[in-house]
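Below, each chain spelled out in residue letters.
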Amino acid sequence: MSALRVNTGEGREPSPASEPLLRVAGLEAVYGASIAALHHIDLTVRPGEIVALLGSNGAGKTTTLKAISNLLPAQRGKVSRGEIHFDGHDVLKKSPSALARLGLVQVLEGRHCFRTLSVEENLITGGLGRSSSRREIAEDLEKVYAIFPRLKEKRKSRAGLASGGEQQMTAIGRALMTRPRLLVLDEPSMGLAPLTVQAIFKALAELNESAGLAILVAEQNAAVALRFAHRVAVIENGTSVVNESAAEFRRRSDVQSFYLGGGATIASGEAGEVLLQQQQISNKSAHSTF
Ligand SMILES: Nc1ncnc2c1ncn2[C@@H]1O[C@H](COP(=O)(O)OP(=O)(O)OP(=O)(O)O)[C@@H](O)[C@H]1O
Ligand SMILES: [Mg+2]
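This section reports on the structure supplied with the text. Treat the numbers as computed from the prediction; the structure is a model and nothing was measured.

Structural notes on the overall build of the protein
Assigned secondary structure in the protein consists of eleven helices and ten strands. By the burial criterion, 46% of the 290 residues in the protein qualify as buried. By sequence separation, contacts in the protein at least 24 residues apart represent 71% of the contacts at least 6 residues apart.

Here you go:
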C-alpha cells in the first residue's frame, strides 16, 4: 500500500503567492456559428502546480484545453469572450507552435503517435520542434527513458505496435522532449489498466516534484487525478463550478458526488487506498500492465 502514498499532491502545496503561469478568465467558446460549448470558465495554474480539471462527459474539459493551446480554430471553434494568458502572453494571439516554443505543450486525447515511426523516433520529433541540438536531444532522450524505463526497452519498436500504455508514455515523452513549463494532458488514463494509469501519474508527479513542471490534467478518472493534484477545477455544462485545493475537495465527499456522480466519490485515507487496490486487482487479470 505504501507505493500508493508516494508523491501525492497532499502536503506539497506550491506557494499561494506565486503569479499564475496560466490564467483563464471568463472564457466562453462556441463551435460553428452557434453551438455554445463553454459559458464561463475561470482557471489558474501556478508554477509548480498540478491542477486536475474534472467534469462529466461533454462538460467542456477538452474544449477548455484546446482553447488554452489555441487549437479551437482547427475544430471550427472559437473563443467568443474572455481571456487566456500564459506567462503574460495573450494565448489567443499566438499559434499553437509558438505557444509550444514558449513552454505550453499539450498531449491531446487519444495518445497520438506516428504509428510507423519507432518509439525513439517519435520522441525525437518532440525535440526537433524546439530545434534542439543533437546533444540536447540525446540528453533529453535519456531523461525520458529514466522517467519511463519501459520506453527504453521498446525504443526500436514501431509505435503503432506498442501497447496503449506505451503509446501514452510515448506521447507524453514526446511532449517532454519540447522541455515544457506547463504540460497539458487530456484524459491520459483513458482505456488504460489502473496499474498503468498509476505508473503514468506517479511519473508525472515525480517530474512535478523534481523539475517543478506545472501540469494541467483533464480527467474523468477523478480518483487518480485527485490523488496527485494540488488543486481541482470542476466544469459543469461549460461553467467552472469549483476551484479549490485538492485536499479540501477530497474532504468534501458531498460536493464530489454532486458534481461528479456517486461513482466518482473519493474515499480518503485508508478506505481510498483499499478502493484503488481493489480496482487494480480486479483489472489485473483482464489487462497487462503495459
Ligand atoms: N468539434 C465540435 N463541434 C461541435 N460541438 C462540439 C465539438 N467538440 C465538442 N463539442 C460539444 O462541446 C461540448 C463540450 O465538449 P467537450 O469535448 O469539451 O467535453 P469533455 O468534457 O471533454 O467531454 P468528455 O469527457 O466526453 O471528453 C459538448 O456539448 C460537445 O458536444
Ligand atoms: Mg474530452
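Observations regarding helix H1 (residues 61–68)
Taken across its eight residues, H1 has seven buried, putting it largely inside the fold. For H1, every residue scored as buried is listed here: Lys61, Thr63, Thr64, Leu65, Lys66, Ala67 and Ile68. Immediately downstream of H1, the backbone of asparagine 70 shows phi near 55 degrees, a positive value.

Some thoughts on the site of ligand 1
Taken together, 13 residues form the shell around ligand 1, and within it Tyr31, Ala37, Lys61, Thr62 and Thr63 come nearest. Elements that contribute at least two residues to the shell around ligand 1 include exactly strand S2 (35–45) and H1. With three residues, the single largest contributor to the shell around ligand 1 is H1. A per-class count over the shell around ligand 1 returns four nonpolar, eight polar and one charged.

Some points on the environment of valine 144
Summarising the element assignment, valine 144 is placed in helix H4 (residues 134–147). Distance in space between the C-alpha atoms of valine 144 and glycine 173 is 5.8 Å, their sequence separation being 29 residues. In this view, valine 144 contacts Leu123, Leu151, Gly173, Leu176 and Met177; residues no more than four positions away in its chain are not counted.

Let's talk about unusual backbone geometry
Comment: phi is negative for the bulk of residues other than glycine, and the bulk of peptide bonds are trans. A positive phi angle is found at asparagine 70, which is not glycine, with a value near 55 degrees. Counting through the fold element by element, asparagine 70 comes out in the loop between H1 and strand S4 (77–86). With a phi angle near 50 degrees, glutamate 187 is a residue other than glycine that sits in the positive phi range. Classification of glutamate 187 by C-beta neighbours within 10 Å gives buried; the count is 23.

A few points about the packing of helix H3 (residues 119–129) against helix H6 (residues 164–176)
Relative to each other, H3 and H6 sit at 30 degrees, their axes nearing to 7 Å. When the interaxial angle is binned, H3 and H6 end up roughly parallel. Crossing handedness for the pair H3 and H6: right-handed. On H6, the residues that touch Val119, Asn122, Leu123, Thr125 and Gly126 of H3 are Thr170, Gly173, Arg174 and Ala175.

Regarding the nonpolar core
Grouped together as the largest cluster of nonpolar side chains are 81 residues, with contacts concentrated most on Ala52, Leu182 and Val232. Top element by residues in this core is helix H7 (residues 194–211). It accounts for seven residues. A domain-level breakdown of this core finds at least three residues from each of domain 1 (18–103 + 182–290) and domain 2 (110–179). If near-sequence neighbours (up to four positions away) are discounted, alanine 52 is found in contact with Val217, Glu219, Ala225, Leu226, Ala229, Val232 and Ala246.

Section: helix H10 (residues 253–260)
Every buried residue belonging to H10 is among Gln256, Tyr259 and Leu260, and all of these are buried. In a view along the axis of H10, the buried residues occupy a sector of 85 degrees, so they form one face of it. Looking at the buried positions of H10, the neighbouring elements they touch are strand S3 (50–54), helix H8 (222–228), strand S9 (231–236), strand S10 (239–245) and helix H9 (246–251).

Some remarks on the pairing of S4
Side-chain positions along a regular strand alternate between the two faces of the sheet. In this sheet, S4 lies alongside strand S1 (residues 22–31) in antiparallel orientation, the contact comprising eight bridges. The residue bridging valine 24 from the neighbouring strand is isoleucine 84, located in S4. Bridge count between S4 and strand S5 (residues 89–90): two bridges; the pairing is antiparallel. Along S5, the bridge assignment pairs histidine 85 with aspartate 90.

Brief notes about the environment of alanine 37
Within the element layout of this structure, alanine 37 appears in strand S2. Separated by 200 residues in sequence, alanine 37 and asparagine 237 have C-alpha atoms that sit 7.8 Å apart. Among all residues touching alanine 37, those that are not within four sequence positions of it are Ala29, Val30, Tyr31, Gly60, Thr63, Gly77 and Gly238.

Quick look at the pairing of strand S8 (residues 214–219)
Extensive coverage of S8 is indicated by the burial of six of its six residues. Of the strand pairs in this sheet, strand S7 (residues 182–186) and S8 are connected by five bridges, and their pairing is parallel. In the sheet register, leucine 183 faces S8, and the bridge partner there is isoleucine 215. Crossover handedness for the path S7 to H7 to S8: right-handed.

Structural notes on the packing of H3 against H4
Relative to each other, H3 and H4 sit at 125 degrees, their axes nearing to 10 Å. Between H3 and H4, the interaxial angle falls into the category oblique. When you trace H3 past H4, the crossing you get is right-handed. On H4, the residues touching Glu120, Leu123, Ile124 and Gly127 of H3 are Glu136, Ile137, Asp140, Leu141 and Val144. Split into classes, the residues belonging to the contact of H3 with H4 amount to five nonpolar, one polar and three charged.

Parameters at a glance
Residues numbered from 1 in each chain as written. Chains lettered and ligands numbered in written order. Predicted model: local features only at pLDDT ≥ 70, side-chain atom pairs only at ≥ 80, totals over all residues. Helix = DSSP H or I, 4+ residues; strand = E, 2+ residues; numbered from the N terminus. Buried ≥ 20, exposed ≤ 12 C-beta atoms within 10 Å, placed from the backbone. Contact = placed C-beta atoms within 7 Å. Near = placed C-beta within 6 Å. Nonpolar A, V, L, I, M, F, W, Y, C, P; charged D, E, K, R; others polar. Axes fitted to C-alpha atoms, helices over the stretch in contact; angles between N-to-C directions. Parallel < 35°, antiparallel > 145°, perpendicular 65-115°, else oblique. Left-handed = near helix turned anticlockwise from the far one by under 90°. Core = buried A, V, L, I, M, F, W, Y, C linked by C-beta atoms within 7 Å. Domains from an automatic or database assignment. Arc of directions from axis to C-beta. Pairing = 2+ DSSP bridges. Right-handed = clockwise from strand over helix to strand, strands pointing away.

By themselves, these are just geometric observations and shouldn't be taken as functional.
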